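Below are the chains, spelled out letter by letter.
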Amino acid sequence: MDNTALLQKYSLKATPQRLEIVNVLSTHGHMNVNELYSTLLIKFPSISLATIYKNINIMLEKGFLLEVKLSEQKNVFELVKDNHSHVACMKCSDVIDIDLNIESIVNEVKKRSNYKLESNSLIFNGVCPRCSALK
Ligand SMILES: [Zn+2]
Ligand SMILES: [Zn+2]
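Analysis parameters
Residues numbered from 1 in each chain as written. Chains lettered and ligands numbered in written order. Predicted model: local features only at pLDDT ≥ 70, side-chain atom pairs only at ≥ 80, totals over all residues. Heavy atoms only, no water. Helix = DSSP H or I, 4+ residues; strand = E, 2+ residues; numbered from the N terminus. Buried < 20%, exposed > 50% of the residue type's maximum accessible area, 1.4 Å probe, protein only. Contact = heavy atoms within 4.5 Å. Lys, Arg positive; Asp, Glu negative; His and termini not counted. Charge placed at Lys NZ, Arg CZ, Asp CG, Glu CD. Arc of directions from axis to C-beta. Polar contact = N/O pair within 3.5 Å; in protein donor to acceptor, adjacent residues only side chain to side chain. Donors = N, O, S within 2.8 Å, 3.2 Å for Na, K, Ca; no water. Pairing = 2+ DSSP bridges. Axes fitted to C-alpha atoms, helices over the stretch in contact; angles between N-to-C directions.

1. Thoughts on the overall build of the chain
Consideration 1: Along the chain, the regular secondary structure elements total six helices and six strands.
Consideration 2: For the chain, the succession of helices and strands along the chain, N to C, is α-α-β-α-α-β-β-β-β-α-β-α.
Consideration 3: For the chain, the residues scored as buried account for 30% of the 135 residues in total.
Consideration 4: Taking the intrachain contacts of the chain between residues at least 6 apart in sequence as the baseline, contacts between residues at least 24 apart amount to 45%.
Consideration 5: Charge-centre separation for the chain: the mean point of 16 positive side chains lies 3 Å from the mean point of 14 negative side chains.

Below is the structure:
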């Protein structure tokens, strides 16, 4: 499916700005709002930060984007995909996906809390190999 069809599947009009957001997120994986803004400025020199926020918000609302809430740095956005965990670098803000089998943790939480669980997000903070090498 191309990105236009992908956006339309989520009832989002495929504007050039949205297509570019999809493009850069599929290349970079995770980006915060400032990174998205400075990347989109290359193609759309007159785009405003407010426009970026507006697009991100509607894409979040439609379930097309996910927001990863980080404790140490600005939240990042990614294209929606299967549930996964994250590792975030505290120095350069790099964020990567890790597919973990957390079934036993989820079951343990259910058992101890008696909650009906809806979602979860595991985030590990540390220093990435690149930053560890730059001492
Ligand atoms: Zn790093
Ligand atoms: Zn992710």
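2. Some remarks on helix α3 (residues 33-43)
Consideration 1: Restricting attention to buried positions, one finds in α3 the residues V33, L36 and L40. Relative to the axis of α3, the buried residues are bounded by an arc of 60 degrees and lie together on one face.
Consideration 2: Where α3 is buried, its residues meet α2 (16-28), β1 (31-32), α4 (49-61) and β3 (76-79).
Consideration 3: Where α3 begins, one side-chain oxygen reaches toward the backbone nitrogen of N34, 3.0 Å away; that side chain belongs to N32.

3. Considering the coordination of the zinc ion (ligand 2)
Consideration 1: Ligation of the zinc ion (ligand 2) by protein atoms is provided by H30 (NE2), E78 (OE), H84 (NE2), H86 (NE2) and D97 (OD), these donors lying 1.9 to 2.3 Å from the ion.
Consideration 2: Along the chain, the residues donating to the zinc ion (ligand 2) are arranged with the sequence spacing H-x47-E-x5-H-x1-H-x10-D. With H30 in the loop between α2 and β1 and H84 in the loop between β3 and β4 (85-89), this pair connects stretches of sequence that are 54 residues apart. The two residues H30 and H84 agree in class, both being buried.

4. So, the pairing of β3
Consideration 1: Here β3 shows a buried face lined by V76 and E78 and a second buried face lined by F77 and L79.
Consideration 2: One ladder, built from two bridges, connects β1 with β3; its direction is antiparallel. Its bridge partner lying in β3, N32 is registered against V76.
Consideration 3: Across four bridges, the pairing between strand β2 (residues 65-68) and β3 is antiparallel. In the sheet register, V68 faces β3, and the bridge partner there is V76.

5. Quick word on the side chain of E78
Consideration 1: Inspection of the secondary structure puts E78 in strand β3.
Consideration 2: Only 3.2 Å separates the side chain of E78 from the side chain of H84, close enough to count as a polar contact.
Consideration 3: Ignoring any residue separated from it by four or fewer positions in sequence, one finds E78 in contact with L25, G29, H30, F64, L65, L66, V68, H84, H86 and D97.

6. Digging into the sheet that holds β3
Consideration 1: The sheet built from three strands is open, its strands ordered β1-β3-β2 with antiparallel pairing. Each of the sheet's edge strands pairs with one partner strand only, and the pair in question is β1 and β2.

7. A closer look at the sheet that holds strand β5 (residues 95-98)
Consideration 1: Taken together, the three strands give an open sheet; going across it, the order is β5-β4-β6, and neighbouring strands pair in mixed fashion. A strand with exactly one partner marks an edge of an open sheet, and here the two such strands are β5 and β6 (123-126). Strand after strand, the sheet turns through a mean of 25 degrees between neighbouring axes, direction not considered.
Consideration 2: Pairing geometry for β4 and β6, over four bridges, is parallel.

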